[in-house]
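Structural overview
Here are the chains, one letter per residue:
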Amino acid sequence: MIQQNIYMGNEGRKKLLNGVKKLANAVSSTLGPGGRNVIYRMGNATYITKDGVTVARHVNPPDVLEKMGADIIRQASEQSAHQAGDGTSTSAILTEAIASEGMKLIETGYNPISIQRGVISAAKTIANYIEENIKQECSPEQIHQIALVSTNWDKEIAHLVSEAVEKVGLDGSITINDSRSNESSSQFIAGLRVPRGWMSSYFVNNTTKQECILENPLILLSGIKLTNNQQIMPILQKVFNTKELRGRPLFIIAPDIESEVLQTLVINKIKGIINICAIKCPGYGDGMKREMEDLEVTLGGTYFTELLSRDFNSIREDDFATCEKIVCDKRYTTFLKGGGNPQRLKEHIDLLKEERDNCSPGSWEEDVLNKRIAKLAQGVCVLNIGGNSESELNEIKDRVDDAVCACQAALRSGVIPGGGSVLAKIKENKSIKFETGDESFNAGVNLMRKVLDIPLKTLLENAGVERPDVIIEKVAKAKGSIGFDIKTQKFVDMLEAGIIDPFSVCRCALENAAASAGLILTTETFLVDEQSEK
C-alpha cells in the first residue's frame, strides 16, 4: 500500500542531502588522473566506466527522499554535460559542498533565501572574473593536450580525437562507432549534422546514450507542417505496404509535428509496426529553407513544399531520401553517407562558393555561406574504437566521448589553467569585488568562496597525495598559472605543461552547482510517496 509522508525543514533537507552525498561520492571517485573506475549493472550486462555523467545516471538510492536528492545533483551534472560537454564530476562535488555548508548556516539561523541569492551571485561574479582576466583562446597544441587529459593520457586515442576535432572544426560532426577489431582508427566520410534532436524520447533505441540509431533509413523531407493524421497516413501506408520498403526505418523531418501526428508515430514505433524517428527542420524562416536544400542535395529524395505540384498522397519510392546511417540524440542529428548525387553536391557547393565571392567581406551573408560550405564539404569524422572486451570497449568509448566534447568546448569558449588551480587561487584573491547584501546574503557569498578548493582537494585525494591541505595552500598563493601536476606531483606552469580546461566547463559547473544547491537549501516541505509496511 502506498502512503504519503510529509517531511518538514531540516529533517527533510538532511535526508535529501544524504542522497546528494551518495551520488557526489560515487562521481567524485572518477575525477582526475588518479580517479577510479565505477562498475554497474544494467539489465543483464555489467559495465565499467570512468565517465562522471554515466555514473550519475546509475546511482539509485533505495530511500525515496534520498533518491530525490540524487535526482537534483544528477540534473546539475547532466546540465553541465549538455551545455559544455564535460564538467559533470566537478558540478556534482561542488553541489554537494555548497549544500552541506549551506545546511550548517541554516541550522545556525541564517535565511536560506538570502543564502541562495548570495551563492548564485558569487558564482556569476567568479565566472565573469575568469572570463575577463584568465581565459585565453585555444591553440591546436592545446586541443591535443585537452584530448590527452580527457582520455587519461592515452596517446593513441588522444591523437585520433585531436586530429578529428581540428579537421572538422565546430561546424563538422564526429561520430563514435565500435571497431571490428581491437584497434582504433578514424575515417572521414560524406555526411551532415544538423542541430535538431528527436521530438520524443520514445524514439530512443540506445538508452545508454539516449540516441536513436537507424540503419539504411527512408527519409521524408517536408517543408509542410504535419498537423493531422490524414497527411501522414499515405506515407506510413507506402512504407508498410511496399514490398521493397517494408522493414526499413522511417525518419521524418518537418517544420512542426502536432501532438496528434506525433502520437501516431510513437504508437507505430512502440508496437513495432514501423521503426520511426522524427525531428523538426533545422533553422528558421529563410534559414530553414537553406538547411533543407542542403539536406536534399546531400541525401537525395524530394523536398515537399507548398510550391510542389503534388502532395503526400502521390508519394513515390524515389521521393524518400536515403543514407547509410542516422544517429539522432536530444540535440543533434548526424546523417552518414547520404544517398544524394555526388555531382549535384559538388555543383551545389560550387554555387555557394560563387555566392560567397559576391558577398561583402566580413558580412553576415558571407559567414552563413562559409558555414554551409564547411558542413557540406568537410563531411563527418567517424572514430572506430576497439577494445579487448565489451566492458573495456564501453569504458574507452566513454573517455573518447568526454574528450571530443571537451575539445569542442575549448574551441568554442577558450581555455584556462586546469587541475583545479584557478578556483583555488580565486578563493584567496581579495581583489575580486563581490556583490554585498544582508548578513545571510554575505554568508552565501563567503560559502561559495569557501568551497572553491574542493575540486583540487578531490583531485589530490584521488591521487593519494599526502597532506593535500599544504598543496592547496601553496597553489592558492602561487602566482600566474602555477599549479600542481597530479601526474608528476610537481608544481608547474599549467599552461606550459598542457594541463588546461575549457572555460565553458568551469562556468557551467559553477553556475549549475550554485543553482542546484540553492534549490536544496530553499526547500522546506517534502511530499514523499512510500510503501507502507502493511
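Here the structure is shown first, and the text comes after it.
Residues numbered from 1 in each chain as written. Predicted model: local features only at pLDDT ≥ 70, side-chain atom pairs only at ≥ 80, totals over all residues. Heavy atoms only, no water.

**Some words on the overall build of the protein chain**
Here is the rule: Helix and strand definitions here come from DSSP, where helices need a minimum of 4 consecutive H or I residues and strands a minimum of 2 consecutive E residues; each element is numbered from the N-terminal end. Under the convention used here, a 1.4 Å probe and the Shrake-Rupley method define accessible areas, while residue burial counts only the protein chains that appear. Counting rule for charge: Lys and Arg are taken as positive, Asp and Glu as negative, and neither His nor the chain ends is counted. By convention, charge coordinates are those of NZ in Lys, CZ in Arg, CG in Asp, or CD in Glu.
What the protein chain contains, in helices and strands, is 19 helices and 19 strands. Each principal axis of the C-alpha atoms in the protein chain carries an extent, and together these give about 75 × 65 × 50 Å. A total accessible area of about 24,800 Å² is found for the protein chain, and carbon and sulfur atoms account for 47% of it. Placing the 62 positive and 71 negative side-chain charges of the protein chain at their respective mean positions leaves the two points 2 Å apart.

**A few points about helix α4 (residues 88-107)**
Every α-helical turn comprises 3.6 residues, leaving residues that sit three or four positions apart pointing alike. Put simply, the test is: The span you would expect from a helix comes to 1.5 Å times its residue count less one. Here's how the labels work: a residue is buried when its accessible area is under 20% of the maximum for its type, exposed when over 50%, partly exposed in between, all with a 1.4 Å probe on protein chains only.
The end-to-end C-alpha distance of α4, which contains 20 residues, comes to 29 Å, matching closely the 28 Å that a straight helix rising 1.5 Å per residue would cover. Within α4, 18 of the 20 residues are buried, which leaves the element mostly enclosed by the surrounding structure. Just beyond α4, the residue with positive phi is Gly109, at close to 105°.

**Here's the deal with the sheet that holds strand β5 (residues 185-189)**
Heads up, the rule is: Strand pairing requires that DSSP identify at least two bridges connecting the strands. Comment: axis = line fitted to C-alpha atoms, over the contacting stretch for helices; angle = value between 0 and 180 degrees taken between N-to-C directions. By definition, residues are in contact when any of their heavy atoms lie within 4.5 Å.
A sheet is described by the order of its strands in space; here 3 strands give the open sequence β4-β14-β5, paired in mixed fashion. Where the open sheet ends on each side, the last strands, each with one partner, are β4 (173-178) and β5. Here the strands of the sheet are splayed against their neighbours by 25° on average, with no regard to which way each runs. On top of the sheet, helix α13 (residues 390-413) reaches β4 and β14 (380-385); it is set at about 175° to β4, its chief contact.

**Regarding the nonpolar core**
A general feature of soluble globular proteins is that nonpolar side chains tend to end up buried together. The cut-off we apply is this: In this description, a nonpolar core means a group of buried Ala, Val, Leu, Ile, Met, Phe, Trp, Tyr and Cys residues linked to one another through side-chain atoms lying within 4.5 Å.
Of all hydrophobic cores here, the largest spans 55 residues; its most connected members are Ile219, Leu250, Phe251, Ile253, Leu265 and Phe335. When residues no more than four places from it in sequence are discounted, the contact partners of Leu265 are Phe203, Ile232, Leu236, Ile252, Ile257, Ile276 and Ala278. By size, the runner-up hydrophobic cluster in this structure holds 52 residues, among which are Leu16, Ala123, Ala443 and Leu452.

**Structural notes on the packing of aromatic side chains**
Quick reminder of the rule: Side-chain rings of Phe, Tyr and Trp (the six-membered ring for Trp) are treated as a pair once their centres are within 6.5 Å; stacked means planes under 30 degrees apart, edge-to-face means over 60, and tilted covers the remaining angles. We count a charge as sitting over a ring when the NZ of a lysine or the CZ of an arginine lies within 6 Å of the ring centre and within 35 degrees of the ring normal.
Within this structure, the stated rule accounts for 4 aromatic pairs. Judged by centre distance (5.5 Å) and plane angle (25°), the ring pair of Tyr40 and Tyr47 falls under stacked. Tyr47 gets classed as buried once you look at its relative accessible area, which sits at 15%. Lying over the aromatic face of Tyr332, Arg193 brings its terminal NZ or CZ to 4.1 Å of the ring centre. Across from the ring centre of Phe240, 5.3 Å away, lies the NZ or CZ of Arg246, which sits over that ring.

**A few points about the pairing of strand β12 (residues 321-328)**
The buried fraction of β12 amounts to 6 of the 8 residues, a majority that puts the element mostly inside the structure. Here strand β7 (residues 212-215) pairs with β12 via 4 bridges, running antiparallel. Bridged to Ile213 within β12 is Val327. One ladder, built from 2 bridges, connects strand β8 (residues 218-222) with β12; its direction is antiparallel. Each bridged residue has a counterpart across the sheet, and for Leu218 the counterpart in β12 is Thr322. Pairing of β12 with strand β13 (residues 333-338) involves 5 bridges; the strand directions are antiparallel. The residue of β13 that forms the bridge with Cys323 is Gly338. Taking the residues between adjacent antiparallel strands as the criterion, β12 and β13 are bridged by 4 residues.

**Quick word on the packing of α4 against helix α5 (residues 112-133)**
Operational definition: Should the near helix be turned anticlockwise from the far one by less than a right angle, the crossing is termed left-handed; should it be turned clockwise, right-handed. Amino acids are sorted into nonpolar (Ala, Val, Leu, Ile, Met, Phe, Trp, Tyr, Cys and Pro), charged (Asp, Glu, Lys and Arg) and polar (every other residue, Gly among them).
Two elements in contact, α4 and α5, have axes separated by 10 Å at closest approach and are oriented at 145°. By crossing handedness, the relation of α4 to α5 is classed as right-handed. Contacts between α4 and α5 involve Ile98, Gly102, Leu105 and Ile106 on the former and, on the latter, Pro112, Ile115 and Val119. Residue composition of the contact of α4 with α5, grouped by class: 6 nonpolar, 1 polar and no charged.

**Notes on empty space enclosed by the protein**
Here is the rule we go by: Of the grid points, spaced at 1 Å and generated over the protein atoms alone, those admitting a 1.4 Å probe that cannot get out make up cavities, while open sets with protein on both sides within 12 Å along at least five of seven lines make up pockets; any residue with an atom within 4 Å of a point is treated as lining. Grid points are joined across faces, edges and corners, and a volume is the space filled by probe spheres set on the points.
Scanning the entire structure with this criterion turns up 1 cavity of 30 Å³ or more. Around the largest cavity, the lining is made up of 42 residues, and of these Leu31, Gly32, Asp86, Val149 and Asp501 lie nearest the centre. In terms of residue count, helix α19 (residues 503-521) provides more of the lining of the largest cavity than any other element does, 4 residues in total. Its residues placed into classes, the lining of the largest cavity shows 21 nonpolar, 13 polar and 8 charged.

**What to know about the packing of helix α6 (residues 140-150) against helix α7 (residues 155-168)**
Rules: Under this scheme an angle from 65 to 115 degrees is roughly perpendicular, one under 35 degrees roughly parallel, and one over 145 degrees roughly antiparallel; angles in between are oblique.
As a packed pair, α6 and α7 sit with axes 8 Å apart at the nearest point and diverge in direction by 135°. Between α6 and α7, the angle is such that the two are oblique. α6 and α7 meet at a crossing whose hand is right-handed. Of the residues in α7, those touching α6 at Pro140, Ile143, His144, Ala147 and Leu148 are Lys155, Ala158, His159, Val161, Ser162, Val165 and Glu166.

**What to know about the side chain of Asn268**
Along the chain, the position of Asn268 falls in helix α9 (residues 259-270). The exposure class of Asn268 is buried, given its relative accessible area of 10%. With near-sequence residues (within four places) excluded, Asn268 lies in contact with Leu236, Ile273, Ile274 and Ile276.

**A closer look at the side chain of Ser481**
Within the secondary structure, Ser481 sits in the loop between α17 (468-477) and β16 (482-485). Ser481 sits in the buried class, given a relative accessible area of 12%.

**What about the environment of Ile120?**
Here Ile120 shows up in helix α5. With 392 residues separating them along the chain, Ile120 and Asn512 place their C-alpha atoms 9.1 Å apart.

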